[in-house]
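# Survey of secondary and tertiary structure
Each chain is listed here by its residues.
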Amino acid sequence: MARNPAALTAFGPMALTAIEQHEPPGRRLVDDDLAASFLPQALRALVAATRWAPLRRTMVAASDRSAPGMWANMACRKRYADDNLMAALAGIDAVVVLGAGLDTRGCRLSRHSVIPVFEVDQTVNIERKRAILRRVFGTPPPSVHLVAVDFERDDLMSALAGQGYQRDARTFFIWEGVTQYLTAAAIDSTFEQLRSVPTGSRLDFTYVQRDFIDGVDISAAPSLYHRFRERSQVWKFGLRPDEVAQFLDGYGWQLLDQLGPDEVRDRYVRPTGRALPTSGLEWSALAGKP
């Protein structure tokens, strides 16, 4: 497959999640027993090596030296989406994962629910995901549907409908670790299409701080600014936490909750007893369709 800078970023968060599975259950930030199996062989070997606690601690510490707090934030944004989905499951008819990458959520959900899950991503990631599902399961779960979409060019709702999505379905949308890679025009186009979804739908999405994207304040992670803004320029879009409610209202959504560094620490990190920093660089938000 051709190298695609944005597509390649799917590996890091899933490797982090897989490494977390070697923590004892009470110290684990996120639960995902399929994470390692979805990785390429070389990364599976690396993850297996982190069963040895000193190596695992070294990797977490190295991550936090490079981007302080992002280990906890990336694990907990996934935990937050899982928690929000499970809380809403009885009141929804479908799940749509936007920019699914190597996400295992649909396959984990299929173990106890027949609710349809539509995994949306660019073609290179959809092809990779299809091969992974064949390798891991042989016959992929019938409730999981793969949908190739380019957010910058394609009509999201038409692509979903082409794979069996019902436009009147109360839907839980998950848009995790994606919005920063898109242009403002693609963000606007996607939210305009989500404007028409039924009352009772939910949207869990993450965003990077706009001041970081604009270079106003890069103190949270100068190395990430160099990598994603100066060198590759793949990060393009950001929001400020205090403008999210108004931003969502403009598209007919209501802000229900946000997960920032304090919430990551208090809800998820402290109960594990681990002394991990958290970061204000990337936030999660939960919105509802009133």
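Residues numbered from 1 in each chain as written. Predicted model: local features only at pLDDT ≥ 70, side-chain atom pairs only at ≥ 80, totals over all residues. Heavy atoms only, no water.

## A few points about the pattern of salt bridges
- Counted under the stated rule, the structure contains 27 salt bridges.
- Salt-bridge contacts for Arg-170 lead to Asp-93; the nearest nitrogen and oxygen are separated by 3.0 Å. Pair noted here: Arg-170 is in the loop between α8 (156-161) and β4 (171-175) and Asp-93 is in the loop between α5 (70-88) and β1 (94-98), with a separation of 77 residues, a long-range link.
- Among the salt bridges present, the one from Arg-105 reaches Asp-103, with a minimum N-O distance of 2.9 Å.
- By relative accessible area, Arg-105 is classed as buried at 4%. (Salt bridge = Lys/Arg side-chain N within 4 Å of Asp/Glu carboxyl O. Helix = DSSP H or I, 4+ residues; strand = E, 2+ residues; numbered from the N terminus. Buried < 20%, exposed > 50% of the residue type's maximum accessible area, 1.4 Å probe, protein only.)

## Some points on the side chain of Asp-82
- As for its placement among the helices and strands, Asp-82 is situated in helix α5.
- Setting aside chain neighbours within four positions, we find Asp-82 in contact with Val-30, Asp-31, Arg-105 and Arg-108. (Contact = heavy atoms within 4.5 Å.)

## Structural notes on the sheet that holds strand β5 (residues 202-208)
- The strand order across the open sheet built from seven strands is β3-β2-β1-β4-β5-β7-β6, with neighbouring strands paired in mixed fashion. The open sheet has two edge strands, β3 (144-148) and β6 (254-259), and neither has a second partner. Sheet twist, expressed as the mean angle between neighbouring strand axes with direction ignored, is 20 degrees.
- Across four bridges, the pairing between β4 and β5 is parallel. Of the residues in β5, the one forming a bridge with Trp-175 is Phe-205.
- Packed on one face of the sheet, helix α7 (residues 123-137) meets β2 (117-121) and β3 and runs near 155 degrees to β3. (Pairing = 2+ DSSP bridges. Axes fitted to C-alpha atoms, helices over the stretch in contact; angles between N-to-C directions.)

## Points about the pairing of β5
- Buried residues dominate β5, accounting for six of its seven residues.
- With respect to chirality, the unit in which β4 leads through helix α9 (residues 184-194) into the neighbouring parallel β5 is right-handed. (Right-handed = clockwise from strand over helix to strand, strands pointing away.)

## A short note on the packing of α5 against helix α13 (residues 261-269)
- Orientation of α5 relative to α13, taken along the N-to-C sense of each, is 70 degrees, at an axis distance of 10 Å. For the element pair α5 / α13, the angle class is roughly perpendicular. Considering the relative orientation of α5 and α13, their crossing is left-handed. Of the residues in α13, those in contact with Ala-72, Asn-73, Cys-76, Arg-79, Tyr-80 and Asp-83 of α5 are Val-264, Arg-267, Tyr-268 and Val-269.
- Its residues placed into classes, the contact of α5 with α13 shows six nonpolar, one polar and three charged. (Parallel < 35°, antiparallel > 145°, perpendicular 65-115°, else oblique. Left-handed = near helix turned anticlockwise from the far one by under 90°. Nonpolar A, V, L, I, M, F, W, Y, C, P; charged D, E, K, R; others polar.)

## A short note on the nonpolar core
- If you look at the biggest cluster of nonpolar residues, it comprises 46 residues, and the most contacted ones within it are Leu-29, Leu-85 and Val-95.
- Going through the elements one at a time, α2 (11-20), α5, β1, α6 (105-109), α7, β3, β4 and α13 are the ones with two or more residues in this core.
- One finds Leu-160, Ile-187, Phe-247 and Trp-283 within the second-largest nonpolar core, a separate group that totals 35 residues. (Core = buried A, V, L, I, M, F, W, Y, C linked by side-chain atoms within 4.5 Å.)

## Digging into the environment of Pro-54
- Tracing the backbone through its elements, the reader meets Pro-54 in helix α4 (residues 53-66).
- Note on Pro-54: relative accessible area 40%, which makes it partly exposed.

## Details of the side chain of Arg-28
- Relative to the assigned elements, Arg-28 resides in the loop between α2 and α3 (41-49).
- Note on Arg-28: relative accessible area 17%, which makes it buried.
- One polar contact links the side chain of Arg-28 to the main-chain carbonyl oxygen of Glu-23, over a distance of 3.0 Å.
- For Arg-28, the contacting residues outside a window of four places in its chain are Glu-20, Gln-21, Glu-23, Arg-79, Thr-272 and Arg-274. (Polar contact = N/O pair within 3.5 Å; in protein donor to acceptor, adjacent residues only side chain to side chain.)

## Notes on helix α11 (residues 222-231)
- Restricting attention to buried positions, one finds in α11 the residues Leu-224, Tyr-225 and Phe-228. For α11, the arc enclosing every buried residue in end-on projection is 100 degrees, short of the 170-degree limit, so these residues lie on one face.
- Against the buried residues of α11 lie α5 and α10 (210-213). (Arc of directions from axis to C-beta.)

## Quick look at α5
- End to end, α5 covers 27 Å across 19 residues, agreeing with the expected 27 Å (1.5 Å per residue, within 8%).
- Burial of α5 is extensive: 14 of the 19 residues sit out of reach of the surface. (Expected span 1.5 Å × (residues − 1).)

## Some thoughts on the packing of aromatic side chains
- Taken as a whole and judged by the stated rule, the model has 15 aromatic pairs.
- Geometrically, the ring pair formed by Trp-175 and Phe-191 is tilted, given 5.7 Å between the ring centres and 55 degrees between the ring planes. Taken as a pair, Trp-175 in strand β4 and Phe-191 in helix α9 lie far apart in primary sequence, 16 residues in all.
- Taking 5.2 Å as the distance between ring centres and 90 degrees as the angle between the ring planes, the aromatic pair formed by Phe-191 and Phe-247 counts as edge-to-face. Taken together, the residues Phe-191 in helix α9 and Phe-247 in helix α12 (residues 244-249) connect sequence positions 56 residues apart. Across the pair, Phe-247 and Phe-191 agree in class, each one buried.
- Three or more aromatic residues joined by ring pairs form one cluster here, namely Phe-151, Trp-175, Phe-191, Phe-205, Tyr-207, Phe-237, Phe-247 and Tyr-251. (Phe/Tyr/Trp six-rings, centres within 6.5 Å; stacked < 30°, edge-to-face > 60°.)

So far we have only geometry, and geometry alone does not tell us how the molecule works.
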